[in-house]
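A look at the structure
Spelled out from the first residue to the last, the chains are:
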Amino acid sequence: MIRVRFAPSPTGRLHLGNIRTALFNYLFARAQGGTFILRLEDTDRERFLPEYREGIIQDMRWMGLNWDEGPENNGPYGPYEQSERLELYQKYANQLIAEGKAYYCYVTQEETDEAKRIARLNRMPPRFDNRGRNFTQEEIEARKARGIKPTLRFKVENPQVKIHDLVRGDVEFNLDDMSGDFVILRADGTPTFHLAVCVDDALMKVTHVIRGEDHLSNTPKHILLIKAMGFEPPQYGHLSLIHGPGGEPLSKRLSTVSVGEFRRQGYLPEALVNYIAFLGWSPGDNREIFSWEELQKVFSLERVNKSSSIYDPDKLNWVNGQHLRLLSDEVFTQKALDYLQMQNLLPVGADVVRRVLPAFKDAIAKFDELPAHLGFLKSPLTYENAAWLQTPAAKTLLTEALALLPSLNWNDPLVYDAFIAALKPKVTVKGKELFMPVRVALTGKEHGPELKKLFPLLGQQFAAERFKSALGN
RNA sequence: GUCGCUAUCGUCUAGCCCGGUCUAGGACGCUGCCCUCUCAAGGCGGAAACACGGGUUCAAGUCCCGUUAGCGAUACCA
């Protein structure tokens, strides 16, 4: 049974990079019939904020990344928040000490920093020399007397670690070139990330760890630790990182790529998911638009590529537009309305907006473009170019149009064609001279959706009012 | 600095494992035309890439080595 997890730390909002890691885990679990776990890594209490925790949960749900086990719905291996698992980490720390696999180290942070600085100056690996391993009892007492609180370090005995990475293939590390003995319990007694992940992954029976490439060089530490605790390490797969449009790391631009921001701008979650899935993965053929369900079927870890990619808002917009166009008018209208209501963006009453919304399905890439299109519903109308309404020909045209309205069958979706057909014989103008005054009178603008589509949605009363106002202009 | 990862159009990518079918395919964006009352949407075209240098081979985008560049790690953050 495959078990994967997504383990964000509630020290910020979820962004594109995080969510892609979550998505790939989710997709892998679904494609394989496995279990998807959400785990909150909140051991860093200094940067933790409750609203980040809530934000993560909300964002995950909005995206449709529903977890089988995790906060709020629990599961057999809970709790799923590390702050509630502290005694577990302590237990395994004690076990490692008892077995001589970890030791209390009285070396101060200043000393290790200095050692690394000097190593760097000498073009040597920036590793710590493990001097705390061999302190004499007097030395330890002396340091205790100075008020130095020890950290717990894991003894690296076999620094050579081979990894078969699910996306990168074979990678080999020598921890002697990297770190030396590493801290697993801070001086204040709290576990570091390394201890916490290893204990949790082991205890939660995680089979595949799919995470960001920034963890690739932590992996040898984790493998050693997990083995030292007597568990079998999971398989690892490291996903390349996503960068911003300028090639910069994503975290620096957090606000613009946070899930909350995409939601605020009116993207469809399934479109966002579709786009993100294609950052570093492709199905191998030329298809690009996938529904949630299809994605869950076709996704495979083997087709994830190794190189990092850049987030492109233009393409996201296109994908979103494609998904929008796939929606039925009814569903589109409901989703658009929900969005406008939630964002407090309704220009007029919801019932009026609901009627005209279908006319804009092809016009937008995302919902936040709607208010600009819908502004014309507000009365009185301000005309973008009133000149279209002020010629004598236009006056005649509008008068005739107004008179025609009651005779039309407004239940006919093609009522606009009938309207124009009836209007044409009564006026001398044609083409642009005919359509523009109608368009401007109705919407105030020279550009907009097809009148053929919009006109029937407007209704007789609305059209009449608009023609009257235009005449009085 | 040290260790590691990566390298196909501006961007996302197919092709690379199993060299010839690649005068390198698709998509976004850009651009021309068509449709059209407008703006979109849609349709049909166009420009646009194998980072560089060696090697292996009859043959290299595909295999090997090096260089360069980018990224990651180098924390008592995760």
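Residues numbered from 1 in each chain as written. Chains lettered and ligands numbered in written order. Predicted model: local features only at pLDDT ≥ 70, side-chain atom pairs only at ≥ 80, totals over all residues. Heavy atoms only, no water.

Side note on the pattern of salt bridges
With the rule as written, the count across this model stands at 29 salt bridges. The partner of Arg-53 in a salt bridge is Glu-72, and the shortest N-O contact between them spans 3.4 Å. Of this pair, Arg-53 sits in helix α2 (residues 50–63) while Glu-72 is found in the loop between α2 and α3 (86–98), placing the two residues 19 residues apart along the sequence. Judged by relative accessible area, which is 52%, Glu-72 ranks as exposed. Through salt bridges that share partners, Arg-5, Arg-39, Glu-41, Arg-85, Asp-200 and Asp-201 make up one connected network. (Salt bridge = Lys/Arg side-chain N within 4 Å of Asp/Glu carboxyl O. Helix = DSSP H or I, 4+ residues; strand = E, 2+ residues; numbered from the N terminus. Buried < 20%, exposed > 50% of the residue type's maximum accessible area, 1.4 Å probe, protein only.)

Side note on unusual backbone geometry
Both trends apply: most residues other than glycine have a negative phi, and most peptide bonds are in trans. Positive phi is not limited to glycine here, since Asn-130 has a value of about 60 degrees. In this fold, Asn-130 is placed in the loop between α4 (109–121) and α5 (137–145).

Things to note about the pairing of strand β1 (residues 3–6)
Both faces of β1 are covered, namely the face carrying Arg-3 and Arg-5 and the face carrying Val-4 and Phe-6. Across four bridges, the pairing between β1 and strand β2 (residues 35–38) is parallel. Among the inter-strand pairings, Phe-6 is bridged to a residue of β2, identified as Leu-38. (Pairing = 2+ DSSP bridges.)

So, helix α17 (residues 415–423)
Buried within α17 are the following residues: Val-415, Tyr-416, Phe-419, Ile-420 and Leu-423. When α17 is viewed along its axis, its buried side chains cluster within an angular range of 135 degrees and face the same direction. Of the surrounding elements, those touching the buried residues of α17 are α16 (392–404), α18 (432–443), α19 (451–458) and α20 (460–471). (Arc of directions from axis to C-beta. Contact = heavy atoms within 4.5 Å.)

Considering the packing of aromatic side chains
The full count for this structure, using the stated rule, is 20 aromatic pairs. For the pair Phe-262 and Tyr-311, a centre-to-centre distance of 6.0 Å together with 85 degrees between the ring planes defines the contact as edge-to-face. Residue Phe-262 is located in helix α8 (residues 259–264), and its partner Tyr-311 is located in the loop between β11 (309–310) and α11 (313–326); the two are separated by 49 residues in the primary sequence. With respect to class, Phe-262 is no different from Tyr-311; both count as buried. Directly above the ring of Phe-24 sits Arg-20, whose terminal nitrogen or CZ lies 5.2 Å from the centroid. Taking NZ or CZ as reference, Lys-221 lies 5.4 Å from the ring centre of Phe-182, over its face. (Phe/Tyr/Trp six-rings, centres within 6.5 Å; stacked < 30°, edge-to-face > 60°. Lys NZ or Arg CZ within 6 Å of the ring centre and 35° of its normal.)

Brief notes about the side chain of Arg-439
Here Arg-439 shows up in helix α18. Non-local contacts of Arg-439, meaning those with residues more than four positions away in its chain, are made with Gly-444, Lys-445, Glu-446, His-447, Gly-448, Pro-449, Glu-450 and Leu-451.

Concerning the environment of Phe-193
For Phe-193, the location among the structural elements is in helix α6 (residues 193–203). Classification of Phe-193 as partly exposed rests on a relative accessible area of 25%. Sequence-wise, Phe-193 and Val-183 are 10 residues apart; in three dimensions their C-alpha atoms are separated by 9.6 Å. Discounting chain neighbours no more than four positions away, the residues touching Phe-193 are Glu-41, Arg-211, His-215, Asn-218 and His-222.

Considerations on the layout of surface pockets
Roughly 1,200 Å³ of internal volume is contained in the largest pocket. Contributing to the lining of the largest pocket are 39 residues, with Ala-7, Ser-9, Asn-18, Asp-214 and His-215 lying nearest its centre. Among the secondary structure elements, those contributing two or more residues to the lining of the largest pocket are β1, α1 (16–32), α6, β8 (208–212) and β10 (242–243). No other element matches the five residues that α1 contributes to the lining of the largest pocket. When grouped by side-chain class, the residues that make up the lining of the largest pocket number 14 nonpolar, 16 polar and nine charged. Here the second largest pocket defines a volume of roughly 440 Å³. Lining the second largest pocket are 22 residues, with Gln-109, Thr-112, Thr-151, Arg-153 and Val-183 positioned closest to its centre. Those elements that provide at least two residues to the lining of the second largest pocket are α4, β4 (151–154) and β7 (182–185). Per element, the largest residue contribution to the lining of the second largest pocket is five residues, and it comes from α4. (1 Å grid on protein atoms, 1.4 Å probe; cavity = no way out; pocket = protein on both sides within 12 Å on 5 of 7 lines; lining within 4 Å. Points joined across faces, edges and corners; volume = space filled by probe spheres on them. Nonpolar A, V, L, I, M, F, W, Y, C, P; charged D, E, K, R; others polar.)

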